[in-house]
Amino acid sequence: MDLQGARLERRLEMYRARVTERLRTNRAAVEALYAGGNLFSPQGTRAGRALLRAHQLLQRAHGLLEQLSGDGVVPAPRLPERIDEHYRELDTLLARSDALSGRHHRAASVAHLPGR
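Anyway, here's the lowdown on the structure attached to this text. Everything numeric here is computed off the predicted structure, so don't read it as measured data.

Comments concerning the overall build of the protein
The helix and strand tally for the protein stands at three helices and zero strands. Helices and strands appear in the protein in the N-to-C order α-α-α. For the protein, with 116 residues in total, the buried portion stands at 29%. Across the protein, contacts joining residues at least 24 apart in sequence account for 68% of those joining residues at least 6 apart.

Remarks on the pattern of salt bridges
Going through the model one piece at a time under the given rule, you end up with eight salt bridges. Residue R22 is joined to E21 by a salt bridge in which the shortest nitrogen-to-oxygen separation is 3.6 Å. Residue classification places R22 among the buried residues on the basis of a relative accessible area of 4%. The class of E21 is partly exposed, set by a relative accessible area of 26%. In this structure, the salt-bridge partner of E31 is R27, at a minimum N-O distance of 3.1 Å. Note that E31 and R27 are positioned in helix α1 (residues 3–35) at a spacing of four residues, about one turn of the helix.

A few points about the nonpolar core
By size, the foremost hydrophobic cluster in this structure holds 14 residues, and its most contacted members are Y15, L65, L68, Y87 and L90. Only α1, α2 (42–69) and α3 (80–100) provide two or more residues apiece to this core. Excluding its chain neighbours within four sequence positions, the residues that come into contact with L65 are L12, Y15, R16, V19 and L90.

Observations regarding α2
With 28 residues, α2 should cover 40 Å at 1.5 Å per step; its first-to-last C-alpha distance of 41 Å lies within 8% of that length. What α2 keeps buried is the set G44, G48, A50, L51, A54, L57, L58, A61, L64, L65, Q67 and L68. Immediately beyond the C-terminal end of α2, within one or two residues, lies G70, with a positive phi of roughly 85°.

Things to note about the side chain of N26
Turning to its location among the elements, N26 is positioned in helix α1. Once residues within four sequence positions are removed from consideration, N26 is found in contact with L51, A54, H55, L58, S97 and S101.

What counts, and where the lines are drawn
Residues numbered from 1 in each chain as written. Predicted model: local features only at pLDDT ≥ 70, side-chain atom pairs only at ≥ 80, totals over all residues. Heavy atoms only, no water. Helix = DSSP H or I, 4+ residues; strand = E, 2+ residues; numbered from the N terminus. Buried < 20%, exposed > 50% of the residue type's maximum accessible area, 1.4 Å probe, protein only. Contact = heavy atoms within 4.5 Å. Salt bridge = Lys/Arg side-chain N within 4 Å of Asp/Glu carboxyl O. Core = buried A, V, L, I, M, F, W, Y, C linked by side-chain atoms within 4.5 Å. Expected span 1.5 Å × (residues − 1).

Following this line, the structure appears as structure tokens:
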């Protein structure tokens, strides 16, 4: 059994779950703004723009995940330094997205989990 491969796959799955959950909650927030008519107020417009920017960051994160998994157009990185660089960028994108979408709790970085 390849433990390193299993760890990398688990790490990738954890990031996928985080991105998917954030995309879902951002979409629900935009739908709530629209359904309540608040999207057309000055505050709602600002919130909508912030959620749109957060969505764009999450799309970039999704692209990085595709690249890391080898599913994207660009081949997956093989060097550990490049892989770690991609995960650092993912952490940055998720943190910026959280700040834009009003998430104030600080989620633990999957890249820095104990036992890694």
